Amino acid sequence: MSAQIISGKDVSAQVRERLKTDVEQMKLQDPNFRPGLVVLQVGDRDDSNLYISMKLKAAAEIGINATHTRLPGTATEEEVLHSITEVNENSSVHGLIVQLPLDSIHKIDTEKVTNAVAPEKDVDGLTSINAGKLSRGDLGDCFIPCTPNGCMELIRQTGVSVAGKKAVVIGRSKIVGAPMHDLLLWNNATVTTCHSKTADLPGEVSKADILVVGIGKAEMVRGEWIKKGAVVIDCGINHIPDETKANGKRVVGDVDYASAKEQAGFITPVPGGVGPMTVAMLMANTVLSAKRFLQSHRPGKWNVSYPKLNLQTPVPSDIVISRSCVPKPIDCLAGEVGLLSDEVELYGKTKAKVQLKIIKRLQAQPDGKYVVVTGITPTPLGEGKSTTTIGLVQALGAQMKLNVFACVRQPSQGPTFGIKGGAAGGGYSQVIPMEEFNLHLTGDIHAITAANNLVAAAVDARMFHESTQSDKALYNRLVPLVGGERKFSPIQINRLKKLGIEKTDPSALSEEEITRFARLDMEPSSVTWQRVLDTNDRFLRKITIGQSPTEKGHTREAQFDITVASEIMAVLALTSSLQDMRQRLARMVVATSRGGVPVTTEDLGVSGALAVLMKDAIKPNLMQTLEGTPVFVHAGPFANIAHGNSSILADKIALKLVGPEGFVVTEAGFGADIGMEKFFNIKCRYSGLRPHVVVLVATVRALKMHGGGPTVTAGMPLPKEYIEENLELLEKGCSNMLKQIENAQHFGVPVVVAVNAFKTDTEAELELVCRVAKAAGAFDAVRCSHWAEGGAGAVALGQAVQRASEAPSDFRFLYDLELPIADKIRIIAQKIYGADDIELLPEAQRKAELYTKQGFSKLPICMAKTHLSLSHEADKKGVPTGFILPIRDIRASAGSGFLFPLVGTMPTIPGLPTRPCFYDIDLDPETEQVNGLF
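Residues numbered from 1 in each chain as written. Predicted model: local features only at pLDDT ≥ 70, side-chain atom pairs only at ≥ 80, totals over all residues. Heavy atoms only, no water.

> Hey, could you run me through the pattern of salt bridges in this one?
In total, this model carries 56 salt bridges according to the counting rule given. The shortest N-O distance in the salt bridge between K328 and E336 comes to 2.7 Å. Each member of the pair, K328 as well as E336, is classed as buried. Here D651 makes a salt bridge to K683, at a shortest N to O gap of 2.6 Å. One end of the pair, D651, is in helix α25 (residues 648–658); the other, K683, is in helix α26 (residues 672–687), with 32 residues separating them in the sequence. Through salt bridges with shared partners, a single ionic network connects E843, R846, K847, D889 and R891. (Salt bridge = Lys/Arg side-chain N within 4 Å of Asp/Glu carboxyl O. Buried < 20%, exposed > 50% of the residue type's maximum accessible area, 1.4 Å probe, protein only. Helix = DSSP H or I, 4+ residues; strand = E, 2+ residues; numbered from the N terminus.)

See below:
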């Protein structure tokens, strides 16, 4: 009786259908996911092209995103290796095939090229690592070469059990024979490998229950050699003469099919046997690789290692603690929290930028819980908001084993070298390395400085050139002759459209259109755009520019702001994408024309260049805490004249990474009346995110100051009121905390009060604060000791936050954007500050009317007032009442997307004190360590 035919065509069709179903299941898990395959070819061989077309067709049928990359026949080994590296680092590709042979005029080491493929993408199963794993029996942790894998699938189709059978493999090639031996062996067959030196080949073959032949000799194995009923798998592809065929030859295997089928129980034909299975199993390996990728990169599946703190008493200085802990390599941390290697740009060993493409990869992932940390009205005694933010994430992560991200602002170098010092937290709750955090980081603030000052230079240069040239000369220079013709740039086309001029030929504009296009006609006194510097320098608060003779007398008064006060910083913090940032940068208003029209950076022609300068700054910076939890450090807008919160992008990415049970903890600048109000009314409006919990930080000593405690002088000992128990003073000062709890409740979000404990606080004082807070409606109030104990000292806070995040919330904004400008200001003043009313001074009234006319009245409000009091008077502590809030002026940040009313006067660039922090800062030339930061 003849053998049963094992049809590779039929079996491969079944495999492909199964794979198609698998791919559909993956899409259900993540609608944006598709298995990716790259076939890399060198040269243009016809046979290789045929094989590649078969692979691409099979991939398309299954739903695999397959790409054919062809390098020319002149490609060098280095170029081939570079292409492989690019694919290895591309997270959207799960399989890489290097099509052999490499058809180049240059000598290329095939073994080196094959082994350059990342083992986890080696769907051909040809790298030494995959071969080694197969030989050791690690079948679940490797890729099996496609032909042997296809042979095993065909054997399974017969229903014959491999275990305990005698198997003979003829051939020992790396592609078929050797891996086939290993595969049969680890499927529990007793395996003999035969080759050209085997003494009695017919005798060995006659013992085989399973025979696999891949020796490359046409019809070498005769039927009489084969054991009756054996399974015969013929891997050979040979061409022999055949005059009946049009091309004069036909394809045969290594087994004489006619005689073998009379002996065997099962046999594969050639063609139509093993051949179709090779491509099918290649697809199977690609789908398997994609499954493994999905499994190991499930959003929210973290495997973070948490270093143990070596707590010391008394607590050493911040810099000593920071240096005592060795940070994890930042690429290691990135991998632990689910970032892919091609989503991370390393800046040394301890900091990295995260690419925005991760947002698309994780867009189907549900967000985690969103927590904002704020505080009572600040005092010189400090509340420890940043320290509490870091202590809380260390508690949630290292202690409670929850996925958690901190999202904090990048500090300005002005205060670092001025009076405040660093902003990395403190004690055993810090972002590390603190030197990197407090100094240049990855250069974002420098990029903002460059972009801001480019705009300032463009403003003055344009006014100068317009005042010294005729319309025609100005136009000819703005649209110069290049190669004999004039051509508008894309940004100039945008200006023409804005002016309603639907022309693209520079020679077609009328004289009136030329004038309108070429002249911005800025009124010098209306220029609102200032130069910036990330240094405290009081002597730049008012300057005169244009005093050189080359400027021909075009002088004007101007000023410098500190870089973090730049509107570009606020744009960075509020943007949602690269495209959105480009649009916001274009909308920034720099001045008003003499005709009352706002002049933007797009009108100036500089907005595209700004986007180029900011293209790296838009990517959040990844760092870590002392206990190894991840931190995004991104953007640092001032909290008085801007909104004082870190970036929306960092929050959004972090919320996806932590998963639905995880937490993102961000910090709002200054007190709840400033940073928290702007977090809700501005940041949350633009982000669309809804917070789950407010953490309000308070200290006993700061509350005592709000209760009427004495002033504090830097460098002098604290008055006894702050270091001795004084319940009466403390209870009086709790009024400020109660008002800030009320402010948070206006937004419908549960409030947890964190009492940041100092060693001089008594039990009675701490208990009083917690009791009063809970009586006022706080969800909970807990004492914390994270400064001295790290995350362990904030576990109670972490547990309270976790419980609060599950409580019902009714988030709402404080005001409707459709209200008139004055009404929105009044609502903030009355509900948040406790004012009786507001007073719009003449300039503010004029600006309210102007901005309404210009179409800016529906923007949210960003109040610019002192952070040291709920009122406009910095020395009024506690909860001032009975006051009218004076609005001196109103300014527009059209790119950021808010109006900022000015309450009183405030410097936008700090000055240096008599003894700045830089006296203590130095560099050790031996170790290159920075000393003196705190």
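> In this structure, what is going on with the sheet that holds strand β2 (residues 36–42)? I would like to understand it.
The strands making up a sheet associate through backbone hydrogen bonding, with each pair oriented either parallel or antiparallel. Read across the open sheet, the three strands follow the order β3-β2-β4; overall the sheet is parallel. In this open sheet, the two edge strands, each paired with only one partner strand, are β3 (65–71) and β4 (95–98). Mean inter-strand twist for the sheet, computed between neighbouring axes without regard to direction, equals 15°. Relative to β3, β2 runs parallel, the two sharing seven bridges. Pairing of V42 across the sheet is with L71, part of β3. Helix α2 (residues 46–62) contacts β2, β3 and β4 of the sheet and is inclined by roughly 160° relative to β3. Against the sheet, helix α3 (residues 77–88) touches β2, β3 and β4, its axis set at about 180° to β2. (Pairing = 2+ DSSP bridges. Axes fitted to C-alpha atoms, helices over the stretch in contact; angles between N-to-C directions. Contact = heavy atoms within 4.5 Å.)

> Would you take a moment to explain the pairing of β2 for this structure?
Residues in a regular strand point their side chains to alternate faces of the sheet. When you tally the buried positions in β2, you get seven out of seven residues, the bulk of the element. As for the winding sense of the linkage, the β-α-β connection from β2 through α2 to β3 is right-handed. Both β2 and β4 contribute to a ladder of four bridges, which runs parallel. The residue bridging L37 from the neighbouring strand is G95, located in β4. (Right-handed = clockwise from strand over helix to strand, strands pointing away.)

> What is the right way to look at the sheet that holds strand β6 (residues 190–194) in this model?
Here we have six strands laid out as an open sheet, ordered β1-β11-β8-β7-β5-β6, and parallel in their pairing. Bordering the open sheet on either side are β1 (4–5) and β6, each of which pairs with just one other strand. Bridging between strand β7 (residues 210–213) and strand β8 (residues 231–234) involves four bridges; their strand directions are parallel. Looking at the pairing, I210 lines up with V231 of β8. Seen against the sheet, helix α6 (residues 146–158) touches β7, β8 and β11 (266–267) and runs at an angle of roughly 150° to β8. Relative to strand β5 (residues 166–170), helix α7 (residues 177–185) is tilted by about 170°, and along the sheet it contacts β5, β6 and β7.

> Explanation requested: unusual backbone geometry in the structure shown.
Note on backbone geometry: most residues besides glycine have negative phi, and most peptide bonds are trans. In this chain, T313 is followed by P314 through a cis amide linkage whose omega measures -5°. With respect to the element layout, P314 can be found in the loop between α10 (274–296) and α11 (318–324). The residue after I432, namely P433, is reached through a cis peptide bond having omega -10°. For P433, the location among the structural elements is in the loop between β17 (429–432) and α16 (434–438).

> What should I look at first to understand helix α20 (residues 511–518) in this one?
Residues lying three or four places apart along an α-helix face the same way, a consequence of the helix completing one turn every 3.6 residues. The set of residues buried in α20 consists of E513, I514, F517 and A518. Here the buried residues of α20 occupy an arc of 120° about the axis, which is enough to place them on one side. Where the residues of α20 are buried, they touch α17 (444–468), α18 (471–478) and α19 (490–498). (Arc of directions from axis to C-beta.)

Interpretation note: all reported values are geometric properties and have no functional meaning in isolation.
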